[in-house]
Amino acid sequence: MKERGKFENEWNSIFDGVQDKPSDKVWSEIKAELAIMEANKQRNKVIYWRWFGAAASVIILLMVAVYGYNYFTSNSIVENELAITNLEYENSFNNDIQANSNPSTQLSNKIKSIDYNSNSEREESVSTNVVDDELKEINATNEAVAVHISSKYKSNKSIKSTNVKMENHTNDFTDYDKTLLFEGNQNEKESSLLSVNKNRSEKAELNIDVIDEVEYLSIIDSVEILAQLNTDIYMQKIPDLEELFKYNKKKNRNMWAGVSVGGGSFNPNVGSGDLGNALFTSENITSDPNLYVGTTADITANEATETPSFAYNFSVDFGKFITKKFLIESGVEYAKYSSEASSNLTSNTSQQPEAFLRKNNSDDFSYASLQNTTTYELLNSYEYVSLPISLGYTVMDRKIGILISSGVSVDVFLNNTLKDLSGEYASAIQKNGDDSPYRPINFNALLGGEIYYSWSENYVLAIDPGYRISLSRITKQDANFNSRPTSFMLGLKFKYLL
Amino acid sequence: MDIEKQLVEQCKNGDRNAQEKIYALFSRSMYVVCQRYSKSQLEAEDIMQESFIKVFKNIEQYRGDSTLGAWVKRIVINTALNSQRSKLYMFPMTDVKELENENDGDFSLSRFHLKELLAMIQSLPEGCQVVFNLFAIEGYSHKEIAEKLHISEGTSKSQYSRAKSLLRKMIEHEEKLSYERAR
């Protein structure tokens, strides 16, 4: 069979370049499909960021949990039990120590030996070098001694302070309500400072409380070494605990100022207004000017449902500690919240048709200005300036810390914008005013927290998740719809400690 | 060509006006292609709609190696073939006896209206219709058609022979009718 002949050439040439116009419906449907695709793309983006935010939160919380677990458990559980035993004071405190009226109580503490027991029950006795065999002077008001256990032990053993026991100490020691400070055993940066309060019981076991962090490390390091087991374990004198606390409070706990930026999701929670279920019924528009869903001879309006979309904010904040744990936070915040909706109406009051979703409560509204279109997707955005105030509580305050807070905010409505996602129709902007269906001022409840990292003495970086719910509807009483939004934001905050 | 490139770039940014311009540029010629591969106007419009959505969805992949028109046409034909594939699966193409070569002689289609020719093509059985379009009008070889439709080269040839025979009969019938009407 021959491949190609006059028959084929004739068919080929007769269809070469011929044209026929498809119906207009084809392009309308393509356009609608493209608008839906774009809206889905946007929705997917929001969903992606939402999942990203959730995943980031979970990862951060896990990291904090692991960090916290390691931090606390390393101070309370013994992997290889270390016991400092037989800490014997050869020369007791001043005999008059119970009266203790003398601020310069004389103490001669000669450490005879420190025994170190490992889990293998191998016991080794190490005689320490007594730093000073002579009487040592410790001010009676500064009853503190630190036993330093070097971070070098970290690689071999995790030392748990609650299991650090002081046994067989002399009566002199039991009589004296003394505090020993244990500097932690994690690493040099994360070590914790522990107090060891002598139990007056005959068992003479020591209770250990975590009293604060090791920002004092440098101070401790600067004090005199009383006794030394080896280069890794030694005993020091602490100058003045009160001074240490004052120093800390003054340094880290006063005021801060900062800026933050956040993003998240926003749900307008739109419902029907006080005019009953008008929003979602199929009534005749002309029969009631407050309704907009239904059919007239000229237009058919679809139900205007809204779905959650993205939100973002910027804020300038400040805070002040009112106690060691509690603080008050406030600031100024700009926020933009968005939801998505679809509409089949445009408003033709200006030269270019504008996106239209629902009627505002203006009396001079004209339904004649509405025109039916193919269904299009639009972004419904609200802009607010907020003045939040909240009370915070510091759950954990270390290099990495956790803060929880709750409060209220006053939101000032700026404007509402309806933006056609396809770009075919002009955006409709509703500003604050008498014809606006939105209240000019709203109140919100806030619930949030911070996971922060102090990377230097003055600078703190924080991730602050926050949930907000409007305490009342954001629409006016005479508006024909109701909205009581909620939002969840994940922010990044930069703080400067004043 | 520069305008086409510009439109493509705008389309990549989701510009609806540019998309509409591209549609206006190619919709008329592509609609004829869609009709050749379909059985009805409704089906042709469905193929058309699906094809242009694919065009705009995949516009990022257009590198400018061929003309935009050729690229769009390729998408339209592939969409049409996909739409026909389900039917071809239901009515698999089997070898039909290859007909004797007929002399094309003074064969001419000039006296027929486009709509009449489209109706003839649309009345062919599915397999014949697809192979006829690909071979006679698009200019593919039977080997290429066999690869495209996952059939044997022989099947392609025999289906084409059948299409050709059926079309000849239709043309003769139409000519006879018009001759009788003229008498």
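Not measured: the values here are computed from a predicted model.

Student: What am I meant to see in the nonpolar core here?
Tutor: What tends to happen in soluble globular proteins is that the nonpolar side chains get buried as a cluster. Formed by 61 residues in total, the largest nonpolar core has its most connected members in Trp11(A), Phe15(A), Ile30(A), Phe52(B), Phe56(B), Val72(B) and Phe132(B). For this core, the element with the most residues is helix H2 (residues 16-36) of chain B, which contributes 9 residues. Phe266(A), Ala335(A), Tyr384(A) and Ile474(A) belong to the second-largest nonpolar core, a separate cluster that totals 11 residues.

Student: Before we go on, may I ask you to explain the confidence of the model for chain B in this structure?
Tutor: Predicted coordinates in areas of low pLDDT are best not read in detail. Here chain B averages 86 in pLDDT, while 88% of its residues score no lower than 70. This complex was scored by the predictor with a pTM of 0.42 and an ipTM of 0.88.

Student: In this structure, what is going on with the environment of Leu327(A)? I would like to understand it.
Tutor: Residue and element names in this part refer to chain A. Within the element layout of this structure, Leu327 appears in strand E18 (residues 326-347). With relative accessibility at 1%, the residue Leu327 sits in the buried group. Through-space distance from the C-alpha of Leu327 to that of Ser390 is 8.4 Å; in sequence the pair is 63 residues apart. The residues contacting Leu327, other than those within four sequence positions of it, are Trp256, Lys320, Phe321, Ile322, Ser390, Leu391, Gly392, Tyr393, Thr394 and Leu403.

Student: Would you mind going over the packing of aromatic side chains with me for this structure?
Tutor: Geometrically, a pair of aromatic rings is defined through the distance of the ring centres and the angle of the planes. A full pass over the atoms with the stated rule returns 25 aromatic pairs over all chains. Seen in terms of ring centroids, Phe52(B) and Phe56(B) are 6.2 Å apart; in terms of plane orientation they differ by 45°. Their pairing is tilted. Taken together, the residues Phe52(B) and Phe56(B), both in helix H3 (residues 41-57) and 4 residues apart, mark about one turn of the helix. The residues Phe52(B) and Phe56(B) share a single accessibility class, namely buried. Each member of the aromatic cluster is reached from another via a ring pair, and the members are Phe7(A), Trp11(A), Phe15(A), Phe132(B), Phe135(B) and Tyr160(B). The lysine or arginine in question, Lys495(A), covers the ring of Trp256(A), its NZ or CZ lying 4.3 Å from the ring centre. For the cation-ring pair, Lys495(A) lies above Tyr452(A), with the distance from its terminal atom to the ring centre recorded as 5.6 Å.

Cut-offs used in this document
Residues numbered from 1 in each chain as written. Chains lettered and ligands numbered in written order. Predicted model: local features only at pLDDT ≥ 70, side-chain atom pairs only at ≥ 80, totals over all residues. Heavy atoms only, no water. Core = buried A, V, L, I, M, F, W, Y, C linked by side-chain atoms within 4.5 Å. Buried < 20%, exposed > 50% of the residue type's maximum accessible area, 1.4 Å probe, protein only. Helix = DSSP H or I, 4+ residues; strand = E, 2+ residues; numbered from the N terminus. pLDDT = per-residue confidence, 0-100. Contact = heavy atoms within 4.5 Å. Phe/Tyr/Trp six-rings, centres within 6.5 Å; stacked < 30°, edge-to-face > 60°. Lys NZ or Arg CZ within 6 Å of the ring centre and 35° of its normal.

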